[in-house]
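Remarks on the overall topology
Residue strings, one per chain:
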Amino acid sequence: MDSKAHMRTQPQTHHCRHSFSTAVVLLRISSLHDWITLRTNSACATDSPQGWKSCVNVWRSEEVLGSSIAIAVLECTWLASSVASVLPFELMDVTNVLSISPGTLTGVAGGRRTSGGDECFCVSRDAHRLSSRLRLPLANSLVFQRIAFTGGRMLTLGRAVTVRCSNNAEASPLPEKRVLVGCGSAALDFLASVDKFPQPDDKIRSTELQVQGGGNVGNALTAAARLGLECRIFTKVANDGPGSQILAELQGDGVDVSNVVVAEGVSPFTFVIVDKETNTRTCIHTPGSPALIPQELTSASVNSLLNEANLVYFDGRLADTAIVLAEEASKRQLPILVDAERLREGLDDLLSYATYVVASAKFPQSWTSAPTVAEALVKMMLQLPRLKFVIVTLGASGCIMLERHASDASEAEIEDGSVEVNSLVESLSREAGELCGSSPNSITSKVCKLSIANNSDVQQHIWGRFHVGTAETIPASELVDTTGAGDGFIGGVMYAILAGLSAPKMLALGATVGAGSCRALGARPGLPTRADPKVASFL
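The sections below set out a description of the structure shown in this document. (Residues numbered from 1 in each chain as written. Predicted model: local features only at pLDDT ≥ 70, side-chain atom pairs only at ≥ 80, totals over all residues. Heavy atoms only, no water.)

**Overview of the overall build of the protein chain**
- A count of helical and extended segments in the protein chain gives 15 helices and 27 strands.
- For the protein chain, the accessible surface area stands at approximately 23700 Å², while carbon and sulfur atoms represent 49% of it. (Helix = DSSP H or I, 4+ residues; strand = E, 2+ residues; numbered from the N terminus. Areas by Shrake-Rupley, 256 points an atom, 1.4 Å probe, with all protein chains shown as cover.)

**A closer look at helix 13 (residues 485-499)**
- Its 15 residues give helix 13 an end-to-end C-alpha distance of 21 Å, which sits within 8% of 21 Å, the value for a rise of 1.5 Å per residue.
- With respect to burial, helix 13 is a largely interior element, 13 of its 15 residues being buried.
- Just downstream of helix 13, Gly500 is the residue with a positive phi angle, here 70°. (Expected span 1.5 Å × (residues − 1). Buried < 20%, exposed > 50% of the residue type's maximum accessible area, 1.4 Å probe, protein only.)

**Some points on helix 5 (residues 216-227)**
- Over its 12 residues, helix 5 runs 17 Å from end to end, which matches the ideal 16 Å to within 8%, given 1.5 Å per residue.
- Within helix 5, 12 of the 12 residues are buried, which leaves the element mostly enclosed by the surrounding structure.
- Within the span of helix 5, buried status applies to Asn216, Val217, Gly218, Asn219, Ala220, Leu221, Thr222, Ala223, Ala224, Ala225, Arg226 and Leu227.
- Just beyond helix 5, the residue with positive phi is Gly228, at close to 120°.

**As for the packing of aromatic side chains**
- For the structure shown, the criterion picks out 5 aromatic pairs.
- Note on Phe190 and Phe271: the rings are 5.6 Å apart at their centroids and 40° apart in plane angle, and the pair reads as tilted. Of this pair, Phe190 sits in strand 12 (residues 187-194) while Phe271 sits in strand 17 (residues 269-275), and the two are 81 residues apart along the sequence.
- Seen in terms of ring centroids, Tyr356 and Phe389 are 4.7 Å apart; in terms of plane orientation they differ by 40°. Their pairing is tilted. Of this pair, Tyr356 sits in strand 21 (residues 356-359) while Phe389 sits in strand 22 (residues 389-393), placing them 33 residues apart in sequence.
- The exposure class of Tyr356 is buried, given its relative accessible area of 9%.
- Each member of the aromatic cluster is reached from another via a ring pair, and the members are Phe190, Phe269 and Phe271. (Phe/Tyr/Trp six-rings, centres within 6.5 Å; stacked < 30°, edge-to-face > 60°.)

**A closer look at the packing of helix 11 (residues 373-383) against helix 12 (residues 421-433)**
- Running from amino to carboxyl end, helix 11 crosses helix 12 at an angle of 120°, the nearest separation of the two axes being 8 Å. In terms of axis orientation, helix 11 runs oblique to helix 12. In the crossing of helix 11 with helix 12, the sense of the turn from one axis to the other is right-handed. Between helix 11 and helix 12, the residues in contact are Ala374, Glu375 and Val378 and Val421, Asn422 and Val425, respectively. (Axes fitted to C-alpha atoms, helices over the stretch in contact; angles between N-to-C directions. Parallel < 35°, antiparallel > 145°, perpendicular 65-115°, else oblique. Left-handed = near helix turned anticlockwise from the far one by under 90°. Contact = heavy atoms within 4.5 Å.)

**Description of the environment of Ser438**
- Along the chain, Ser438 falls in the loop between helix 12 and strand 25 (442-444).
- C-alpha separation for the pair Ser438 and Ile474, spaced 36 residues apart in sequence, amounts to 7.7 Å.
- Excluding anything up to four places from it in sequence, Ser438 contacts Ala471, Glu472 and Thr473.

**Comments concerning the layout of surface pockets**
- By volume, the largest pocket amounts to about 1300 Å³.
- Contributing to the lining of the largest pocket are 48 residues, with Arg281, Thr482, Gly484, Ala485 and Gly486 lying nearest its centre.
- Listing elements by their share of the lining of the largest pocket, those giving two or more residues are strand 12, helix 5, strand 17, strand 18 (280-286), strand 21, helix 13 and helix 14 (503-517).
- By volume, the second largest pocket is sized at about 550 Å³. (1 Å grid on protein atoms, 1.4 Å probe; cavity = no way out; pocket = protein on both sides within 12 Å on 5 of 7 lines; lining within 4 Å. Points joined across faces, edges and corners; volume = space filled by probe spheres on them.)

**As for the sheet that holds strand 18**
- Read from one edge of the open sheet, 4 strands run 13-12-17-18, paired in mixed fashion. On the outer flanks of this sheet lie strand 13 (208-214) and strand 18, each paired with one strand and no other. With strand direction ignored, the average angle separating the axes of adjacent strands in the sheet is 20°.
- Here strand 12 runs beside strand 17; their pairing, made up of 7 bridges, is parallel. Bridging across to strand 17, Asp189 finds its partner in Thr270.
- Where helix 6 (residues 241-252) meets the sheet, it contacts strand 12 and strand 13, and its direction lies at approximately 75° from that of strand 13. (Pairing = 2+ DSSP bridges.)

**Considerations on the packing of helix 7 (residues 299-306) against helix 8 (residues 319-331)**
- Running from amino to carboxyl end, helix 7 crosses helix 8 at an angle of 55°, the nearest separation of the two axes being 11 Å. Here helix 7 is positioned oblique relative to helix 8, judged by the angle of their axes. The hand of the helix 7/helix 8 crossing is right-handed. In this structure, helix 7 uses Val302, Leu305 and Leu306 to contact helix 8, whose residues at the interface are Leu325, Glu328 and Ala329.
- Residues of the contact of helix 7 with helix 8, tallied by class, amount to 5 nonpolar, no polar and 1 charged. (Nonpolar A, V, L, I, M, F, W, Y, C, P; charged D, E, K, R; others polar.)

Have a look at this one:
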């Protein structure tokens with residue numbers, strides 16, 4: 001936290017001319033005496049010229065960020081900063097809650113120090129509603145796995161939210177269209193970090209072990225939820241311990257799990273070996289059983305998932321059921337994004353509904369049999385006429401995006417004549433490689449007539465433009481694990497679609513979110529919230 005955040009707010013005199021509402025105040029308290037003082041004051045519903053009517057509730061969190069933090073819910077006027085000035089404690093942050101019950105907040109959970117500033121975690125019974133009410137940067141960001149134990153069983157008392165304590169700036173407005181539906185895999189990941197990948201018959205020790213939520217759709221929706229989207233998931237888990245943890249973590253990030261199918265069986269899980277020597281990871285996945293079947297997607301679930309939805313995302317798994325949901329989404333004219341990670345049974349049918357595709361590095365050429373990535377992207381556009389864009393992710397080498405020509409492009413943007421796609425992408429890639437700085441950036445072509453020969457040597461073409469994006473440069477000392485980086489990228493792309501961001505901003509946001517995932521073990525712990533300075537400029 002900067003020096004200003006450590007300064008006490010000086011008392012000011014303000015006369016109450018405003019109606020009372022509820023505010024949340026974060027205070028640093030240094031002793032048990034201070035805590036007792038605050039608790040005593042909370043019992044005194046006394047009016048104050050500073051605008052503090054009463055302290056509705058207050059909680060203390062032990063040893064957060066090196067000292068104790070208190071969250072006080074006050075009845076006050078909107079002059080929240082002056083309200084806190086009457087308290088004999090260091091003001092960390094303050095905000096107003098427009099219309100929530102004080103009971104929405106249920107306690108202080110913990111805190112941490114991040115590169116963007118200090119954060120204090122509080123538990124809420126309705127994290128999403130609270131997030132939309134607070135004016136401070138607030139995000140559904142904490143994966144709160146161990147909330148309470150009773151008789152040896154974990155109980156989820158509420159969703160976890162994070163209040164950033166390092167600045168008082170108002171959060172940027174959320175997109176008007178922000179309801180995202182995801183269908184696919186949510187699993188439990190067992191991540192073991194090792195100094196070197198084992199040889200056959202080796203016995204080695206892990207340097208770190210984590211057990212946390214995973215799965216493509218689970219990770220991507222978590223990334224999108226932390227950026228502020230309202231996310232709903234359709235998947236299947238078992239009523240076992242791993243299934244409970246999968247759901248609890250998604251709920252902790254504000255993902256709506258009310259339509260998840262829970263049944264007898266075994267939840268999906270993945271063993272992940274993270275090789276520190278090569279910065280690679282090896283995944284061994286075990287699907288859940290019994291598998292999800294289309295009959296488990298009821299009409300009530302379809303309506304619950306798709307009503308007021310703005311974008312539907314499929315990770316390519318659970319194809320038989322996903323196709324049923326995609327068909328219904330298409331009937332409702334909802335845009336669809338498909339993650340084309342690798343060739344899978346049923347993926348071709350799913351791609352036929354796609355408005356957007358994000359593909360892994362090898363997929364476009366595998367799917368089209370084209371000799372180059374550039375030609376493969378054009379061929380995908382030709383074979384999938386609904387596509388507005390396709391992106392291929394290339395890891396540390398960035399990404400390439402082909403965007404179909406928009407009808408409102410100006411004539412000045414259009415390149416006359418047909419363009420050889422391989423030469424164009426090679427030229428853009430060279431220019432992108434010469435860009436300075438560690439932050440993601442991109443180079444964009446003009447709108448061109450992009451031609452390739454089909455199997456009969458007949459020239460086919462589309463009108464479109466290429467974007468070549470760079471990845472964020474992550475120092476070796478900060479690179480921990482690439483698990484889930486692609487899912488994080490997709491989460492950023494989906495936010496950008498719903499927020500109406502330009503293609504260059506979309507690629508930069510996706511790269512930034514994906515890079516955040518690489519800074520911690522596992523797919524989700526490093527994913528940024530919308531309060532993170534690295535992503536705030538895009539939102």
